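# Summary of structural features
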Amino acid sequence: MKKETDKNFLTLQPVPKTIVSVRDKNGRNNALVVGFAANVSLDPAMVMVGIVPSRFSHHMVKENPCFVVNLPAKNFNKEYAYLGSKSGVDGDKFAALDLKWEDGKYVNAPVLTDCPVSIECSVVESIMPGTHELFIGKIETVHVEEEYLDANGNILWDKIDLL
């Protein structure tokens with residue numbers, strides 16, 4: 001028999017392991033682990049990421065309304081842990097980790113090239129329903145390592161060893 005609980009916790013599991021990379025108006029890059037990320041629309045294709053306003057990267061998305069959602073492989077665990085535990089206030093996380101990146105093709109934000117999937121997004125809307133500001137981003141392009149694509153350009157998710 002099922003029981004009810006009145007505890008406040010994240011009920012949708014598993015939560016995807018995502019790293020959001022951003023750039024401020026002066027060209028400084030940052031990346032952070034985001035616990036709230038989801039698909040929100042198929043046509044147009046859009047995703048959402050939630051960032052607490054007190055986080056260092058929040059102002060970057062507000063002043064440069066775009067971001068990249070990077071999906072790390074399991075071999076990126078050390079970097080993921082660092083990006084989720086350190087703040088950009090304390091220093092350049094890209095330099096500290098010697099992160100490999102390239103400029104986005106369609107958005108003014110860095111793409112983490114060691115992640116097998118990276119999704120460039122332009123912010124179309126944001127809402128503040130609670131603790132996190134939810135940035136809804138229109139997907140501009142998706143970068144996928146070639147070995148994870150079939151002949152029709154579909155992503156072979158079962159082949160990617162995501163974190």
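A few points on the structure.

### Focus: the pairing of strand 8 (residues 117-127)
Regular strands place their side chains on alternate faces of the sheet. Bridge count between strand 5 (residues 66-71) and strand 8: 6 bridges; the pairing is antiparallel. Across the sheet, residue Leu 71 finds its bridge partner in strand 8, namely Val 117. Summarising the sheet, strand 8 and strand 9 (residues 133-144) pair through 10 bridges and their orientation is antiparallel. Opposite Cys 121, over in strand 9, you have Ile 139 as the bridge partner. Between the end of strand 8 and the start of strand 9, which pair antiparallel, lie 5 residues.

### A closer look at the packing of aromatic side chains
Counted under the stated rule, the structure contains 1 aromatic pair. Measuring from centroid to centroid gives 6.2 Å for Phe 94 and Trp 101, while their planes differ by 80°, and the two rings are edge-to-face. What makes Phe 94 buried here is its relative accessible area of 6%.

### Some details on unusual backbone geometry
Looking along the chain, the bond that leaves Asp 43 and enters Pro 44 is cis, with omega of 5°. Even without a glycine there, the phi angle at Asp 98 is positive, about 50°. Along the chain, Asp 98 falls in the loop between helix 3 (93-97) and strand 6 (101-103).

### Quick look at the side chain of Asn 64
Within the secondary structure, Asn 64 is located in the loop between helix 1 (58-63) and strand 5. Here Arg 23 takes part through its backbone oxygen, which lies 2.9 Å from a polar atom of the side chain of Asn 64. A polar contact is formed between the side chain of Asn 64 and the backbone oxygen of Asn 108, at a distance of 2.8 Å. Apart from residues no more than four positions distant in its own chain, Asn 64 is found in contact with Arg 23 and Asn 108.

Scoring rules and cut-offs
Residues numbered from 1 in each chain as written. Predicted model: local features only at pLDDT ≥ 70, side-chain atom pairs only at ≥ 80, totals over all residues. Heavy atoms only, no water. Pairing = 2+ DSSP bridges. Helix = DSSP H or I, 4+ residues; strand = E, 2+ residues; numbered from the N terminus. Phe/Tyr/Trp six-rings, centres within 6.5 Å; stacked < 30°, edge-to-face > 60°. Buried < 20%, exposed > 50% of the residue type's maximum accessible area, 1.4 Å probe, protein only. Polar contact = N/O pair within 3.5 Å; in protein donor to acceptor, adjacent residues only side chain to side chain. Contact = heavy atoms within 4.5 Å.

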